[in-house]
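Structural overview
The lines below spell out each chain.
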Amino acid sequence: MVTIYLNGKPFEVEEGQTLLAACLSLGFNIPYFCWHPALHSVGSCRLCAVKQFRDEKDTRGRIVMSCVTEVCDGLRVSLDDPEVREFRASVLEWLMINHPHDCPVCDEGGECHLQDMTVMTGHVYRRYRYKKNTYYNQDLGPFIHHEMNRCIQCYRCVRYYRDYAGGRDLNVYGVHNKLYFGRFESGVLQSPFSGNLVEVCPTGVFTDKTHRRHFTRKWDLQTAPSVCVHCGLGCNTIPGERYGTLRRIRNRYNGQVNGYFLCDRGRFGYEFVNSDLRIRQPLIRNDAGELEACSLDRALEHLAHLLNDSTDTIGIGSPRASLESNFALSELVGPERFSAGIPRNELELVNLAVDILSKGPAPSASLLDAEKSDAVLVLGEDLINTAPRLALAVRQSILQEAERVIAKRDVPRWNDRGFRLVAEHAKGPVFLATPWATALDDIARDVFRGAPFDIARVAAAVARDLDDTAPEVHDLTAREREWAAKVADALKKAERPLVVSGISCGDPSVLQAAANLAKALAAIGQPCRIALVVPECNTIGVGLLGGLSLEHAMGDEQPQGRDLAIVMENDLYRRLSRTNVDGFFARSKHLVVVDHLMHETAQQAELVLPAATFAEGAGTMVNSEGRGQRFFRVLSPTEHIRDSWHHFRDPIVLAGRSGVDSRDNLDTLLQAVADRYVLLEGVTRIAPNAQFRAVHQRIPRQSHRYSGRTAMHANMSVHEPKPPEDKDSPLSFSMEGYSGMAPSSLIPRFWAPGWNSIQSLNKFQSEIAGSLVGGDPGIRLLDKPDGGSVSYFSEAVPESQEREDQWLLVPLHHLFGSEELSVLSPGIRQLTPDPYVGMSSEDADSLGIKEGTIVSLDAQGLQVQRPVRIRPDIPRSILAWPVGLPGEEPVELPQWVTVTLRQSDSGEA
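Residues numbered from 1 in each chain as written. Predicted model: local features only at pLDDT ≥ 70, side-chain atom pairs only at ≥ 80, totals over all residues. Heavy atoms only, no water.

Quick look at the nonpolar core now. Residues Tyr-160, Phe-206, Leu-383, Leu-390, Phe-614 and Phe-750 are the most contacted members of the largest nonpolar core, which totals 101 residues. In this view, Phe-750 contacts Ile-238, Asn-251, Arg-252, Tyr-253, Ser-757, Ile-758, Ser-760, Leu-761, Phe-764 and Leu-772; residues no more than four positions away in its chain are not counted. Within the second largest apolar cluster, 98 residues are counted, among which are Ala-518, Ile-530, Val-542 and Leu-782. (Core = buried A, V, L, I, M, F, W, Y, C linked by side-chain atoms within 4.5 Å. Buried < 20%, exposed > 50% of the residue type's maximum accessible area, 1.4 Å probe, protein only. Contact = heavy atoms within 4.5 Å.)

Moving on, we get to unusual backbone geometry. For the peptide bond that leads from Leu-893 to Pro-894, omega is -5 degrees, which places it in the cis range. Within the fold, Pro-894 resides in the loop between β35 (878–882) and β36 (895–901). At Asp-475, a position not held by glycine, the phi torsion is positive, near 60 degrees. Along the chain, Asp-475 turns up in the loop between α16 (452–466) and α17 (478–493). Although it is not a glycine, His-696 sits at a positive phi angle of roughly 65 degrees. Along the chain, His-696 falls in the loop between α24 (666–676) and β28 (699–700). Overall, His-696 belongs to the exposed group, its relative accessible area being 77%. (Helix = DSSP H or I, 4+ residues; strand = E, 2+ residues; numbered from the N terminus.)

Unoccupied space between atoms shows up once a probe the size of one water molecule is rolled over them. Enumeration according to the criterion identifies twelve cavities of 30 Å³ or more in this entry. In this model, the largest cavity occupies a volume close to 160 Å³. Around the largest cavity sit 19 residues that line it, and Arg-320, Glu-569, Ala-612, Thr-613 and Phe-614 are the ones nearest its centre. Residue classes in the lining of the largest cavity are distributed as ten nonpolar, six polar and three charged. By volume, the second largest cavity amounts to about 130 Å³. Here the residues of the lining of the second largest cavity are counted per class, giving eight nonpolar, four polar and one charged. (1 Å grid on protein atoms, 1.4 Å probe; cavity = no way out; pocket = protein on both sides within 12 Å on 5 of 7 lines; lining within 4 Å. Points joined across faces, edges and corners; volume = space filled by probe spheres on them. Nonpolar A, V, L, I, M, F, W, Y, C, P; charged D, E, K, R; others polar.)

This paragraph deals with helix α14 (residues 399–408). Those residues of α14 that fall on the buried side of the exposure criterion are Leu-399, Gln-400, Ala-402, Val-405 and Ile-406. Buried positions along α14 lie against α11 (367–372), α13 (388–397) and α15 (416–423). Among the residues trailing α14, Asp-410 stands out with phi positive, at a value near 60 degrees.

Our next topic: the confidence of the model for the protein chain. For the protein chain, per-residue confidence averages 92 on the pLDDT scale, and residues scoring 70 or more make up 96% of the total. Within the model, the stretch residues 904–909 combines pLDDT values under 50 with six contacts to residues more than four positions away or in other chains. (pLDDT = per-residue confidence, 0-100.)

Here the focus is the sheet that holds strand β4 (residues 62–65). Sheet strands associate in pairs through backbone hydrogen bonding, adopting either a parallel or an antiparallel arrangement. The strand order across the open sheet built from five strands is β2-β1-β5-β3-β4, with neighbouring strands paired in mixed fashion. What marks the edges here is a single partner per strand, and that holds for β2 (9–13) and β4. Put simply, the sheet's adjacent strands are angled 40 degrees from each other on average, direction ignored. By the bridge criterion, three bridges tie strand β3 (residues 49–53) to strand β5 (residues 76–78) in an arrangement that is antiparallel. Note on β5: the bridge partner recorded for Lys-51 is Ser-78. Where helix α2 (residues 82–95) meets the sheet, its contacts fall on β3 and β4, and the angle it forms with β3 comes to roughly 150 degrees. (Pairing = 2+ DSSP bridges. Axes fitted to C-alpha atoms, helices over the stretch in contact; angles between N-to-C directions.)

In this section: the environment of Leu-847. By secondary structure assignment, the location of Leu-847 is in helix α26 (residues 841–847). Here the alpha-carbon distance between Leu-847 and Leu-901, two residues 54 residues apart in the chain, equals 8.4 Å. When neighbours within four sequence positions are excluded, Leu-847 is seen to be in contact with Trp-807, Met-839 and Val-899.

Turning to the layout of surface pockets, a few remarks are in order. Within this model, the second largest pocket holds a volume of roughly 1100 Å³. Around the second largest pocket sit 45 residues that line it, and Pro-37, His-40, Lys-372, Ile-768 and Ala-769 are the ones nearest its centre. Among the secondary structure elements, those contributing two or more residues to the lining of the second largest pocket are β2, α1 (19–25), α11, α13 and α14. In terms of residue count, α11 provides more of the lining of the second largest pocket than any other element does, four residues in total. Among the residues making up the lining of the second largest pocket, the classes are represented as 20 nonpolar, 15 polar and ten charged.

On to the pattern of salt bridges, then. Pairs may arise between side chains of opposite charge once their charged atoms sit close together. In total, this model carries 53 salt bridges according to the counting rule given. Residue Asp-726 pairs with Arg-701 through a salt bridge whose shortest N-O separation is 2.6 Å. Here Asp-726 is found in the loop between β28 and β29 (731–732), whereas its partner Arg-701 is found in the loop between β28 and β29, with 25 residues between them in sequence. Taking the shortest distance from any N to any O, the salt bridge between Lys-722 and Glu-725 comes out at 2.8 Å. A cluster of three or more residues bridged by salt bridges with shared partners is formed by Glu-111, Glu-199, Arg-248, Arg-250 and Arg-267. (Salt bridge = Lys/Arg side-chain N within 4 Å of Asp/Glu carboxyl O.)

Our next topic: the packing of α16 against helix α18 (residues 508–523). Remark: α16 packs on α18, axes separated minimally by 9 Å, with the N-to-C direction vectors making an angle of 10 degrees. Relative to α18, the element α16 is oriented roughly parallel. Judged by residue contacts, Pro-452, Phe-453, Ile-455, Ala-456, Ala-459, Val-462, Ala-463 and Leu-466 of α16 engage Ser-509, Val-510, Ala-513, Asn-516, Leu-517, Ala-520 and Leu-521 from α18. Considered class by class, the residues forming the contact of α16 with α18 number 13 nonpolar, two polar and no charged. (Parallel < 35°, antiparallel > 145°, perpendicular 65-115°, else oblique.)

It is worth spelling out the packing of helix α10 (residues 344–359) against α18 at this point. Across the interface, α10 lies against α18 with an axial gap of 10 Å and an inter-helix angle of 5 degrees. Taken as axis vectors, α10 and α18 run roughly parallel relative to one another. Side by side, α10 and α18 meet where Leu-349, Leu-352, Ala-353 and Ile-356 of the first sit next to Pro-508, Leu-511, Gln-512 and Ala-515 of the second. When grouped by side-chain class, the residues that make up the contact of α10 with α18 number seven nonpolar, one polar and no charged.

Here is the structure:
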């Protein structure tokens, strides 16, 4: 710590940071544009000027830029010197020379950093009366709207897009004061993190195009803390609602998880909440065999009647439903008749992942841990498509080596330009073992291509090189031995190695190999961490609850079917083949579906109950790290739409059952979860309970500037309706309430006096780029104080396989298209590919297949035709099968298949 003097008063600050970061951490207001906590300092905008003095006798001082001035002991600075104020105002004036005066029609109006800084510097009058520079705007795809005329040339966009996120199709063009920030030509931005430009840009150049379709001013958005539901990472979000419609998603800072950024699927996949496929009222099948609307009371009474009359009831849960809803369904039908809603092969992988996280030799890695890792090995995961925010964290990990180098050269880390020059030649080791090329190949020190069993074998060879007590791997090629030795050497030298794997390739041997590799590192005293990728937002949660596989629940041991099947938030046609699901429905007497989407499973039901989405409900998710996190409703749904768990309570009471009738709110239900499961005993501490009050007040979901409140329902009544009650959280559906800083897990928005933009986040952090005041949201539920039971893992090494005239069908995931909910958003659907199968160039040549040729894949349970996409990065004897695409029937993967040419190369039959 060093002591600096600000406006004559002493303050203790951390050494090595910039004066700007130190002042913002202390709560002082200094205007800035080009600086960003994740991008560091380049000193290009000159707005953060302060006056520095040599000592206490110096009265003249000199103007310096606070973002490129490092704090040192005894530093004396004036933040409000008249000369400094005049300088800042003049800087802002020339930055604004070409900026249009269009705040009333700008999408950024009301949360614009440029507006905040203009007020902060005191620039109030435009003297420039000449022609402004004007530009054509580009079409950048379905997510980002481009208004280049508003640019103030701060360079944040290209620094984030190119230097941080690794994109290459956005750049700056031109010279002097005629600069253009965009693509070489109009087209869809290729980076899967392009949506962060909306928050990185301090003006209205890059704005949310999805929000423009249902635009409302930011102060009129009702907001609440939430969690992304589109993958297993559990990024924190702030959804915004108006008039019962979800309008947008913003990033909610969590220093341990997503930090400052989201992926595009998480940011723009929210529109399924507004979909025409939403189930908004109960439906019951009439005598004509059609589903018709009914009252909620009638629907619940019918469910109670079915429960009383059924002697064999099965409950099928879902990894996209909350922990509370899955638990409530388990309680309704009995734990022995509860299914996790996952096919057998995937459930085995999930259970293995849970065991590795809860009993394994290495602690799980947060996204921040991944960023700080100095050597990374990825086994079997195409991270950009299965866990995109983790891919962005791994991209930052290569900079750890550069940080060591610049420390020796006495170059400060905040000096972004100097740091990037060093980083070009000093990148940390990242090794990828995947079936095909990924978007991280450009940062990898070396890559290995192979089938899942080959990846498991080469990982076992790495473990053997690290620890000679690990099992030996036979019949390795020279290339495989060389690659394994190179990886082992890098991991051995690292201070914070990370092993990344997951269940996406469908092979348990890859997961076992990752665990054994972590065990080998632990055996030689390396503090390794492990990150496991799972597909859905609560996959780990249902894994902790336990349950039957779908096949078991649907008839492996019950061929005559079930009296009653209750399916919750799960479309079974996306999980198993149509033959299996149709057979199960035909054998079952009654089918009840509780969901928020009208999918094929719901269309088969006798009774359909409308469930709340994440935006309308509250609950708990457990992410791939084992971190339990709470989400809260942002909009109050209609009387028919409830959390799934709430639908299950009333039928229990009506059916005369006891035991859970007192669990009428989220807190009592969570306490029951904590009492039942040892690993989940911490869920009640994730967030304050519903009785929490800050100075005897609830936390308001609406901003203090919320407008139109008394006129929103004037078409129905001139009287202001009573705000909805929320007995599941300490948040209110009102603008009244506590105006101070809420606990981090309850922060509904980031706003501070004078800071209307997302940059107000600085006021909520304990230090810049650090944790939120009071700690980051969530609790790690699977931490192992005893280090885990390392003897658990298998020592088996898979054999290399090759079959004549057969190809291994391996799952391939798409960021846009493979996830069930986000694909209902128009923008994401626009970028979703049509079904195809990927084949290597060598295999295509040997079969005489050209791009687009239709082939038939023949395997057990699979007869399907697909066009071929030829990819030179796919190894021989492997076919890439896109999973989850709309209209695709699920198949068990990986599996060996035969390929038959069904059409000529010209596409004619």
